[in-house]
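# Structure assessment
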Amino acid sequence: GKTVFLVVSCFKKAKRRFIVGTVYSKSHCVQCNATKRQLAKLGVEYTEINLEQDADALEKFKAQGFMQAPVVVAGEETWSGYRPDLLKKVAQTINA
């Protein structure tokens, strides 16, 4: 008779992590901490820069009209404050 080989491939879906961009934060900032917690929950990695240690970035964002921390830069989008709606949108975009 004929021998038939059945090959079964099992791929465990690894939890993918993505670099979304940069979170510009300040120390003791409730909205900054909430933003960082939400990004972690969504599995999104980011770079954090403390605005208290980067006066140039702070001035740049103030000049652009951003008056509260955090300032999140994600691809083409930049916003300030805790915005769970936008964080979720970013996570959906990179997980698509």
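Here the structure is shown first, and the text comes after it.
Quick notes on the rules
- Residues numbered from 1 in each chain as written.
- Predicted model: local features only at pLDDT ≥ 70, side-chain atom pairs only at ≥ 80, totals over all residues.
- Heavy atoms only, no water.
- Helix = DSSP H or I, 4+ residues; strand = E, 2+ residues; numbered from the N terminus.
- Buried < 20%, exposed > 50% of the residue type's maximum accessible area, 1.4 Å probe, protein only.
- Core = buried A, V, L, I, M, F, W, Y, C linked by side-chain atoms within 4.5 Å.
- Contact = heavy atoms within 4.5 Å.
- Expected span 1.5 Å × (residues − 1).
- Disulfide = S-S within 2.5 Å.

## Structural notes on unusual backbone geometry
Cis geometry is found at the peptide bond from alanine 69 to proline 70, where omega equals 0°. Positionally, proline 70 belongs in the loop between helix H2 (55-63) and strand E3 (71-74). Unlike most non-glycine residues, histidine 28 shows phi in positive territory, near 55°. By the element assignment, histidine 28 lies in the loop between strand E1 (18-25) and helix H1 (30-41). Judged by its relative accessible area of 83%, histidine 28 is exposed.

## Thoughts on the nonpolar core
Counting residues in each nonpolar core, the largest one holds ten residues, listed as Val23, Leu39, Val44, Val72, Ala74, Trp79, Leu86, Leu87, Val90 and Ala91. Elements with a contribution of two residues or more to this core: E3 and helix H3 (84-95). The element contributing the most residues to this core is H3, with four residues. Not counting residues within four places of it along the chain, the set of residues in contact with leucine 86 comprises Glu77 and Trp79.

## Considering H1
With twelve residues, H1 ought to run about 16 Å at 1.5 Å a step, and its terminal C-alpha atoms sit 16 Å apart, in line with that. Among all positions of H1, only Cys32, Ala34, Thr35, Lys36, Gln38 and Leu39 are buried.

## Looking at the environment of glutamine 92
By the element assignment, glutamine 92 lies in helix H3. On the basis of relative accessible area, glutamine 92 is assigned to the exposed category, the value being 54%.

## Looking at the state of the cysteines
Inspection of every chain in the model, using the stated rule, returns one disulfide. Bridging cysteine 29 to cysteine 32, the disulfide has an S-S length of 2.3 Å. The S-S bond linking cysteine 29 to cysteine 32 shows a torsion near 75°; that makes this disulfide right-handed. Residue cysteine 32 is classed as buried on the basis of its relative accessible area of 0%.

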